[in-house]
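# Working through the structure, step by step
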There are 2 protein chains.
Amino acid sequence: MRLPPGVNAKDFSDALKQFSEAVGKDWVFTSDEDVNLYRDAYSPFWHEDEDPVPSAAVAPINVEQVQQVVRIANTFKIPIWTISTGKNLGYGGAAPRLSGCMVLDLKRMDKVLEVNEKNAYALVEPGVSYFDLYRYIQDKGLKVWIDTPDPGWGSPIGNSLDRGGGYTPFRDHFDAHCGMEVVLANGEIVRTGMGALPTAKTWQQYRYGFGPYIDGMFSQSNFGVVTKMGFWLLPQPEGYRSGTVSVAKHDDLVPLVDTLSYLMNSSIVQGTTTVGSPLLMSIARSSGMGGAALLTTPKSPSIADLEKIGQEKNLPYWNCELHFYGPSKVVDAQWEYAKEKYSVIPGVTFQDGQSLRFPLSADQIEHVPKRQFGIPNLTVFGMMGRTEGHMWFSPIIPMSGEAVFEAQRVFGQAYADMGVPPAETTFVFPSSFFPRSFVVLCGFPIAHDVEKNRKNRQIFKRLVEVAAQHGWGEYRTHTAFMDTVANVYSYNDHALLHFHETVKDAVDPNGILSPGRCGIWPKHMRKAKA
Amino acid sequence: MRLPPGVNAKDFSDALKQFSEAVGKDWVFTSDEDVNLYRDAYSPFWHEDEDPVPSAAVAPINVEQVQQVVRIANTFKIPIWTISTGKNLGYGGAAPRLSGCMVLDLKRMDKVLEVNEKNAYALVEPGVSYFDLYRYIQDKGLKVWIDTPDPGWGSPIGNSLDRGGGYTPFRDHFDAHCGMEVVLANGEIVRTGMGALPTAKTWQQYRYGFGPYIDGMFSQSNFGVVTKMGFWLLPQPEGYRSGTVSVAKHDDLVPLVDTLSYLMNSSIVQGTTTVGSPLLMSIARSSGMGGAALLTTPKSPSIADLEKIGQEKNLPYWNCELHFYGPSKVVDAQWEYAKEKYSVIPGVTFQDGQSLRFPLSADQIEHVPKRQFGIPNLTVFGMMGRTEGHMWFSPIIPMSGEAVFEAQRVFGQAYADMGVPPAETTFVFPSSFFPRSFVVLCGFPIAHDVEKNRKNRQIFKRLVEVAAQHGWGEYRTHTAFMDTVANVYSYNDHALLHFHETVKDAVDPNGILSPGRCGIWPKHMRKAKA
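What you see is a predicted model, and the numbers here were worked out from it, not measured in a lab. (Residues numbered from 1 in each chain as written. Chains lettered and ligands numbered in written order. Predicted model: local features only at pLDDT ≥ 70, side-chain atom pairs only at ≥ 80, totals over all residues. Heavy atoms only, no water.)

## Examining the overall build of chain A
Of the regular secondary structure elements, chain A holds 17 helices and 21 strands. Compactness check: chain A gives a C-alpha radius of gyration of 24 Å against a globular reference of 24 Å for 530 residues, within 12% of the reference. Principal-axis analysis of the C-alpha atoms gives chain A an extent of 75 × 55 × 45 Å. A buried classification covers 65% of the 530 residues belonging to chain A. (Helix = DSSP H or I, 4+ residues; strand = E, 2+ residues; numbered from the N terminus. Rg over C-alpha atoms; globule rule 2.2 N^0.38 Å. Buried < 20%, exposed > 50% of the residue type's maximum accessible area, 1.4 Å probe, protein only.)

Right under this line is the structure:
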């Protein structure tokens, strides 16, 4: 049996006994068969020593058991890596940053504690999945929507703490949360916001409470174990409609995005919009060139050539689909207004999309893009093609056409400088998962091939650095790159990271909670690293 | 000269010399005449020993000077109370919680660093007022709106850190911020969110950055001195319209509020809405009874009587004004839809309000409620009547008619139990300064009368306790009541406050920053208190 770092066999054995007493022996996992389930199914370290393997796992069923587990871990100084459903493939899955950590698996804490239809909120435990919450709401016939990421097997709490995004008006999942319960490293329970009032009536209705608003400290961090969280839901809208805006010229991207930004900042367009290029996608498919290479190698067609091909084949250079949620006459007026605003672009064309009223019939649900309506699903895996896994490089860039051009040029050049074969470069298409900025999602393949993974890791690290040089930073990252990404957020000699470390040492002096998460290490491991 | 607590005359004199070297001697204030300007003009302790008087004040002009000031204060362990414009009358003004603190006055840091029209954001320093920012935008002809509280002489940074509210779609001022620069107690500068990237391009466009999102820690707290902050602005909308919904029966409040909640949670209604009662206001005026007494004393008219008076005098029992911002055809459709939804209430009536297109002419601006359009003003002081000052009791209650009834009953009973004369009790009308919940704003008069103030302070404290027993907590409070309010947020033996204290001791070990703010005291003063 693997031992946790810094823990001897006797202590670990004693601790396991105590964990068993706390949660029942069926819920402490130590066999290779069980423990391997917590490894990263898409690990960029497949077949390498760095592939993180936990020492054991423990799965409490309620907050009292979580308190006991944390207290035992604190006594024996056993590092524990907390997961909720642990399905976050592409960003590290259930595996710890550090081999030998015990996994604190919260999937058995799967109670939907409340869904309030009138004030449109939910209170859940960490093991509740998007599927669970959706089914609960459907079974009770409540007229509220959740927002779901791709895919829907994740946990609203886990995804929100990772600051993930979705597709409907409440798509910024951390921003949509309201109120937390947290078990600290000392085993104490803290409730944030109005939850700090013993008989709180607005825990899920007012975020801040009184005094410092600390919820954000527990996102992308290792300062506590979140055991309950509230979420704001969208009252089921009367209707929905979508519309696609297409433009023919390369430079039309600038007014296309400026208008999108205006419409989003004005709350007229509300869902996630991706700016794509039917023209470039088509050429990439037929030429076998990947996106970045298509735009930046010496063999790239000129802009004039591309525009000509677009004209001949009737393919828009750029397009984007807009989503409107609300009463039918309101969404119709919003789409009309969007078309008016976009009409400043010469040659712009519009295509009406779906127009729906809710609730959808079972048959309709089968034929709509489910994520657009907060319906959890796993179809994204069907779209991935035949890779053995993937991970995401996901920098944030400004919401402007100029920034998209610059990102395409910069990442294209970076691929070229590293000698990446043109076919293996990815497009840089921006999505508005968050208000006011774009996320660029670049998928990286994972293979059961040590050499390929090694090379991809180098490329990944280089892209992080190149992005940072241009003022773009990742909004989250795979556990394998957490130090790399944290390292580029370095203003004033890493003052922000040092602040996090100061807080870490104060609230978790033994450093037992998720060491290394997002680049934050406990004191003794920082020293070891340095 | 008054000395800061725990500092001897020699050290204070040395420190003042160093402060003068840091910021120039003209910007260190020690005379009674100067220092008295930092006292609370609306102090509930007028003419009493507890009225907090600072020892001195220092006004740096840039972040480097702030760093020096903080470092000097840290060396000499001088407690400093940070203010921006210090105009927050009703919640303590410029005065420290603790007599003898030095005031760190940031009003000279008054630069608008950037206003970006395309992405609709601003970056400002703490001394910038709402008036300053508004004028800057008008002078440059930029088509973006700020949101302003009543009144407009405050600081966007100060108000946002106090978690104040306004009237337009970006009325939750803390929620509308994006990115901070903070000077820590050790003098180090931290930039949060994407500002931690040295060449950040999205500091004001993406909130979270990578790792823990710590901005909330610096609101209603004393963990750092915020020296820059970004804010999201509203692109100037094409139009606006309002409409008033009126209902005749007492119990109609329930569907009135439920529908409001649905419309707000659906982003159809976007500004702050207050639910009022023309009927009750009229009776209160003519009977000389204050609001709470009118509803809850044995002499109160019955509901049936009230409804009858309302019918006879054609006065709505309840009403609310809805605000819609956006393209003219969209806001028209939204108001139509709102009327449809409200039509389920028998006898409901509607009155069209103003319908406007922007920009407004200078003449129009003089005749509209400015705050509704983000135009700073001071008219609220004209509305206050002839008091010598005021302070606010401002609990959060659920957004439901039932909760409003309960709050009216509970606070009315509390007034009666304390023997408050009926004429001096206030109404409990709820406002949606924040999404999903109501704030109840009850003004308390301040007088230059020791006995009256003493009595009012007792009533205030009792109301805080009564509110807490019913699960309602204040969203902010006057410095004089910070310990009282912090004390009721007591879940799990004050675990949240103890967490704040742990953080405080770690990030400000000498306890120099704003001791006592929101109930958080440095270690040595906690011990003295206990």
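After presenting the structure, the write-up continues.
## Quick notes on the packing of helix α6 (residues 253–265) of chain A against helix α10 (residues 328–342) of chain A
All names here are of chain A. α10 packs onto α6 with a crossing angle of 145° between their chain directions and a minimal axis gap of 10 Å. Here α6 and α10 pass one another in a crossing that is right-handed. Counted together, P255, L256, T259, L260, Y262 and L263 of α6 and Y337, A338, K341 and Y342 of α10 form the full contact between these two elements. For the contact of α6 with α10, the per-class residue count stands at eight nonpolar, one polar and one charged. (Axes fitted to C-alpha atoms, helices over the stretch in contact; angles between N-to-C directions. Left-handed = near helix turned anticlockwise from the far one by under 90°. Contact = heavy atoms within 4.5 Å. Nonpolar A, V, L, I, M, F, W, Y, C, P; charged D, E, K, R; others polar.)

## Remarks on the side chain of B:S328
Summarising the element assignment, B:S328 is placed in helix α10 (residues 328–342). Ignoring sequence-local partners within four residues, the contact set of B:S328 consists of B:E238, B:G239 and B:R357.

## Digging into the domain arrangement of chain A
Residue and element names in this part refer to chain A. For chain A, the assigned domains are domain 1 (9–105), domain 2 (112–235) and domain 3 (480–529). Across the boundary between the two partners, domain 2 contributes nine residues, which contact 13 residues of domain 3. Taken together, the two surfaces of domain 2 and domain 3 that pack against each other cover about 930 Å², and 61% of this comes from carbon and sulfur. Among the residues domain 2 hides against domain 3, the three largest losses belong to A185, N222 and F223. Together they make up 63% of the total. At the boundary of domain 2 and domain 3, one finds one salt bridge. The shortest N-O distance in the salt bridge between R517 and D162 comes to 2.3 Å. Viewed at the interface, domain 3 and domain 2 are joined by five residue pairs in polar contact (both at pLDDT 80 or more). (Domains from an automatic or database assignment. Buried area = accessible area lost by both parts, 1.4 Å probe. Salt bridge = Lys/Arg side-chain N within 4 Å of Asp/Glu carboxyl O. Polar contact = N/O pair within 3.5 Å; in protein donor to acceptor, adjacent residues only side chain to side chain.)

## Details of unusual backbone geometry
Residue and element names in this part refer to chain A. Cis geometry marks the peptide bond from D150 to P151; its omega dihedral reads -15°. The residue P151 is located in the loop between β7 (144–145) and α5 (156–161) in this model. Of note, A120 is a non-glycine position whose phi angle comes to about 55°, a positive value. With respect to the helices and strands, A120 occurs in the loop between β5 (112–116) and β6 (121–124). With a phi close to 60°, R163 is a non-glycine residue in the positive phi region. With respect to the helices, strands and loops of the structure, R163 is situated in the loop between α5 and β8 (177–183). On the accessibility criterion, R163 (0% relative accessible area) is buried.

## Some remarks on helix α3 (residues 63–76) of chain B
A rise of 1.5 Å per residue sets the reference length of α3(B), with its 14 residues, at 20 Å; its end C-alpha atoms lie 20 Å apart and thus fit the reference within 8%. Just downstream of α3(B), B:K77 is the residue with a positive phi angle, here 55°. (Expected span 1.5 Å × (residues − 1).)

## What about the sheet that holds strand β13 (residues 275–276) of chain B?
All names here are of chain B. Strand order across the open sheet formed by four strands is β13-β14-β12-β15, with antiparallel pairing between neighbours. Of all the strands in the sheet, just β13 and β15 (349–357) have a single pairing partner and so form its edges. Here strand β12 (residues 239–247) pairs with β15 via seven bridges, running antiparallel. The partner of V245 across the bridge, within β15, is F350. Against the sheet, helix α6 (residues 253–265) touches β12, β13 and β14 (318–326), its axis set at about 15° to β14. (Pairing = 2+ DSSP bridges.)

## Some details on the relation of the copies chain B and chain A
Once turned by 180° and shifted 0.0 Å along the axis, chain B lies on chain A with an RMSD of 0.0 Å. The operation mapping one copy onto its partner corresponds to a two-fold rotation axis. (Least-squares fit on C-alpha atoms with pLDDT ≥ 70 in both.)

## What to know about the interface of chain B and chain A
Contacts between the two partners involve 102 residues from chain B, matched on the other side by 102 residues from chain A. Counting the surface lost from both chain B and chain A, the interface buries some 8,400 Å², and carbon and sulfur atoms represent 62% of this. By the criterion of area lost to chain A, the three top residues of chain B are B:F210, B:R436 and B:Y491, representing 12% of everything that side buries. The interface formed by chain B and chain A contains eight salt bridges. Across the pair A:D258 and B:K118 runs a salt bridge, and its minimum N-O distance is 2.8 Å. For the side of chain B that touches chain A, the per-class residue count stands at 55 nonpolar, 29 polar and 18 charged.

## Points about the packing of aromatic side chains
A full pass over the atoms with the stated rule returns 52 aromatic pairs over all chains. An angle of 50° between the planes, with centres 5.5 Å apart, marks the rings of A:F411 and A:W472 as tilted. Of this pair, A:F411 sits in helix α13 (residues 401–417) while A:W472 sits in the loop between α14 (450–469) and β21 (473–474), and the two are 61 residues apart along the sequence. Take A:F411 and A:W472: they sit in the same class, and that class is buried. With a centroid separation of 6.1 Å and 85° between ring planes, the pair formed by B:W145 and B:F373 is classed as edge-to-face. Of this pair, B:W145 sits in strand β7 (residues 144–145) while B:F373 sits in the loop between α11 (362–367) and α12 (379–383), and the two are 228 residues apart along the sequence. We note that B:W145, like B:F373, is buried. Members of the aromatic cluster, connected to one another through ring pairs, are A:F174, A:F434, A:Y475, B:Y206, B:Y208 and B:Y213. In this structure, A:K341 packs its charged tip against the face of A:Y262, placed 4.4 Å from the ring centre. (Phe/Tyr/Trp six-rings, centres within 6.5 Å; stacked < 30°, edge-to-face > 60°. Lys NZ or Arg CZ within 6 Å of the ring centre and 35° of its normal.)

## Focus on the packing of α6(B) against helix α13 (residues 401–417) of chain B
Residues and elements named next belong to chain B. One way to put it is that α6 packs onto α13 with a least axis distance of 7 Å and a crossing angle of 125°. Compared by their axis directions, α6 and α13 come out oblique. In this structure, α6 contributes L253, V254 and V257 to the contact, and α13 contributes G401, E402, V404 and F405. For the contact of α6 with α13, the per-class residue count stands at five nonpolar, one polar and one charged. (Parallel < 35°, antiparallel > 145°, perpendicular 65-115°, else oblique.)

## Brief notes about the pairing of strand β20 (residues 442–445) of chain A
All names here are of chain A. With burial as the criterion, only one face of β20 is covered, namely that bearing C442 and F444; the residues G443 and P445 on the opposite face remain uncovered. The sheet contact formed by strand β16 (residues 390–393) and β20 spans four bridges and is antiparallel. By the bridge assignment for β20, F393 is matched with C442.

## Points about the confidence of the model for chain A
In the predicted model, chain A carries a mean pLDDT of 94, and 98% of its residues have values of at least 70. This complex was scored by the predictor with a pTM of 0.97 and an ipTM of 0.97. (pLDDT = per-residue confidence, 0-100.)

## Examining the environment of B:I375
All names here are of chain B. By the secondary structure assignment, I375 is in the loop between α11 and α12. Between the C-alpha atom of I375 and that of E424, which follows or precedes it by 49 residues, the distance is 33 Å. Among residues more than four places away in sequence, those in contact with I375 are Y134, T148, I365 and K370.

## Here we look at the pattern of salt bridges
Under the counting rule described, the total for this entry stands at 60 salt bridges over all chains. In this structure, the salt-bridge partner of A:D175 is A:R207, at a minimum N-O distance of 3.1 Å. Here A:R207 lies in the loop between β9 (189–191) and β10 (225–232) and A:D175 lies in the loop between α5 and β8, a separation of 32 residues in the sequence. Under the relative-accessibility criterion, A:R207 is labelled buried at 7%. Here B:R454 ties to B:E48 by a salt bridge, and the two come within 3.1 Å at their closest N and O atoms. Highlighted residues: B:R454 in helix α14 (residues 450–469) and B:E48 in the loop between α2 (32–35) and β2 (56–58), separated in sequence by 406 residues. On the basis of relative accessible area, B:R454 is assigned to the partly exposed category, the value being 36%. One salt-bridge network, in which partners are shared between bridges, spans A:R241, A:D332, A:E336, A:K339 and A:D352.

## What to know about the environment of A:E501
All names here are of chain A. Structurally, the position occupied by E501 is in helix α16 (residues 491–507). Accessibility expressed as a relative area gives 13% for E501, which makes it buried. When the C-alpha atoms of E501 and R526 are compared, they prove to be 9.3 Å apart, with 25 residues separating the residues in sequence.

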